[in-house]
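Results of the structural survey
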Amino acid sequence: MFREILETTQPVVYQTLKNALESEHLSHCYLFVGDKGTHKLETSYLLAQSLVCENKDVFACEKCASCRRMKENNYVDLICIDEEDKNIKVELIENLQQRFDKTALEKAGKKIFIINNCEKLTTKAANSLLKFIEEPSKNTTGIFITTQVDGVLPTIVSRSQTLNFKPLNKEYFFKFALEKNIDSLSAHLISAFVSREIDIVPLSKNKSFTKGIEIFCEFMQKFLIDRKDSYFYLQNSIANNKKNQRDIIKFFLDISLLFIQDYLNDFESEDDTYSNLLKLAKKSNFNHSGIMNAFIDSRTSLNKAANGLLLIDQLIYKLLEV
Ligand SMILES: [Zn+2]
């Protein structure tokens, strides 16, 4: 159920909407602001469902016919404008208004519109919405969604109740990954690398990512015991992986940097290999700041580096000086 996810990932938004639904003091216009992947659109649907649900308990049940039809965009009195790339043209808004000038068709009697990426409203389109925003009708609720509040027409901002969506946290991504049967080391790394849950499973299956973990574990094991050996290993393993070499290097560097952070934060891993590496680092003479700088330099140079192997050679030179 999305309701539970919202409660965990956006507690402030959850509580605000819960209070409004309980007291039936809903705003006629909402503005949801937050980065991509923070559940703004999903929350819009939950709010819309909660206005019409047949079995609601403060929030919608998410199961009844009305809830399901809304989710499938099959509910006549819900209009969702979701234009990812283009500007939102005035025709779309006029069409919305024509439908909303009439009485609601569904038996709940509520009309709801959702405008995703509302910063993409052309001025003309936004102006034609002003009448609705300034003279709202009782049974109509509007939800505007944006990633950049600065791009939204001031009238929309001032007439709406703004709810800020926070970036999802690592713990949530970690748990989500474990639930998808991803091993605990990959889940830990992935949770640091993604900002949306839909990217978690694809990343766990990404061959460059899994190769990056393999090379990192082997390299770090050697590095903490016999550095010379680790450098030969790193050069060879990168040279032997010509396909997606740059991606593998990127993951190798990112994982190494995360490892140093975990070392500094006394992170306790459930994964045996990673946990042993952290213990080994604690025992060794691990010059974390020098090592970290070498990795950061290489990571910064990666985008402009013409040759991946050369970049690895430069990393090794820097590590030799640490
Ligand atoms: Zn329902």
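All values reported here derive from a predicted model rather than from experimental measurement.

Domain annotation of the protein chain identifies domain 1 (2–165) and domain 2 (206–321). In this structure, domain 1 and domain 2 have C-alpha centres spaced 46 Å apart.

Turning our attention to the confidence of the model for the protein chain. Overall, the prediction assigns the protein chain a mean pLDDT of 93, with 100% of residues at 70 or greater. Taking the mean pLDDT of every element in the protein chain, the minimum, 81, falls on helix α6 (residues 123–134) and the maximum, 98, on helix α10 (residues 200–204).

Quick look at unusual backbone geometry now. With the exception of glycine, most residues fall at negative phi, and the peptide bonds are largely trans. Despite not being glycine, Glu-24 has its phi angle at roughly 55°, a positive value. Mapped onto the elements, Glu-24 comes out in the loop between α2 (11–23) and β1 (29–34). In this structure Glu-24 comes out as exposed when scored by C-beta crowding, with 6 C-beta atoms within 10 Å. A positive phi angle, near 60°, is found at Val-58, a position not held by glycine. Within the secondary structure layout, Val-58 lies in the loop between α3 (40–52) and α4 (65–71).

Buried residues of helix α8 (residues 170–179): Phe-173, Phe-176 and Ala-177, and no others. Looking straight down α8, one finds its buried side chains confined to an arc of 100°; they lie on one side. Away from its buried face, by an angle of more than 90 degrees, α8 presents the exposed residues Glu-171 and Glu-179.

Turning our attention to helix α14 (residues 272–283). The end-to-end C-alpha distance of α14, which contains 12 residues, comes to 17 Å, matching closely the 16 Å that a straight helix rising 1.5 Å per residue would cover. Considered for burial, the residues of α14 that qualify are Tyr-274, Leu-277 and Ala-281. Angularly, the buried residues of α14 cover 55° about the axis, an arc narrow enough to put them on a single face. Turned more than 90 degrees off the buried face of α14, the exposed positions are Asp-272, Lys-282 and Lys-283. In this fold, the buried residues of α14 make contact with α9 (184–193), α11 (207–223) and α13 (245–264).

Here the focus is the sheet that holds strand β5 (residues 161–165). Within a sheet, neighbouring strands are paired by backbone hydrogen bonds and run either parallel or antiparallel to one another. If you walk across this open sheet you meet the 5 strands as β2-β3-β4-β1-β5, and the pairing is parallel. Edge strands, defined here as strands with exactly one partner in the open sheet, are β2 (78–82) and β5. Taking each pair of neighbouring strands and ignoring which way they run, the sheet shows an average axis angle of 15°. Contacts from α3 reach β1, β2, β3 (111–116), β4 (140–146) and β5, with the element oriented near 170° to β4.

By the element assignment, Asp-150 lies in the loop between β4 and α7 (154–159). Overall, the presence of 7 C-beta atoms within 10 Å leaves Asp-150 in the exposed class.

Ala-48, Ile-115 and Phe-144 are the most contacted members of the largest nonpolar core, which totals 41 residues. With 6 residues, α3 is the single largest residue contributor to this core. With residues near it in sequence (within four places) discarded, Phe-144 still touches Tyr-30, Leu-31, Ile-115, Cys-118, Val-152, Ile-156 and Ser-160. Grouped together as the second largest cluster of nonpolar side chains are 35 residues, Leu-168, Ala-177, Ile-182 and Ile-190 included.

Most of β3 sits out of view: 6 of its 6 residues are buried. When β2 meets β3, the two strands line up parallel, connected through 5 bridges. Residue pairing in the sheet places Ile-79 in a bridge with Phe-113 of β3. For the crossover from β2 across helix α5 (residues 90–101) to β3, the handedness is right-handed. The β-α-β motif built from β3, the intervening α6 and the parallel element β4 has right-handed crossover chirality.

To continue, consider the packing of α8 against α9. Here α8 crosses α9 at 140°, and the two axes come no closer than 8 Å. Handedness of the α8/α9 crossing: right-handed. Note on element contacts: α9 touches α8 through Ser-184, Ala-187, His-188, Ile-190, Ser-191 and Ala-192, opposite Lys-170, Phe-173, Phe-174, Ala-177 and Leu-178. Looking at side-chain class alone, the contact of α8 with α9 contains 7 nonpolar, 3 polar and 1 charged residues.

Rules used throughout
- Residues numbered from 1 in each chain as written.
- Predicted model: local features only at pLDDT ≥ 70, side-chain atom pairs only at ≥ 80, totals over all residues.
- Domains from an automatic or database assignment.
- pLDDT = per-residue confidence, 0-100.
- Helix = DSSP H or I, 4+ residues; strand = E, 2+ residues; numbered from the N terminus.
- Buried ≥ 20, exposed ≤ 12 C-beta atoms within 10 Å, placed from the backbone.
- Arc of directions from axis to C-beta.
- Expected span 1.5 Å × (residues − 1).
- Contact = placed C-beta atoms within 7 Å.
- Pairing = 2+ DSSP bridges.
- Axes fitted to C-alpha atoms, helices over the stretch in contact; angles between N-to-C directions.
- Core = buried A, V, L, I, M, F, W, Y, C linked by C-beta atoms within 7 Å.
- Right-handed = clockwise from strand over helix to strand, strands pointing away.
- Left-handed = near helix turned anticlockwise from the far one by under 90°.
- Nonpolar A, V, L, I, M, F, W, Y, C, P; charged D, E, K, R; others polar.

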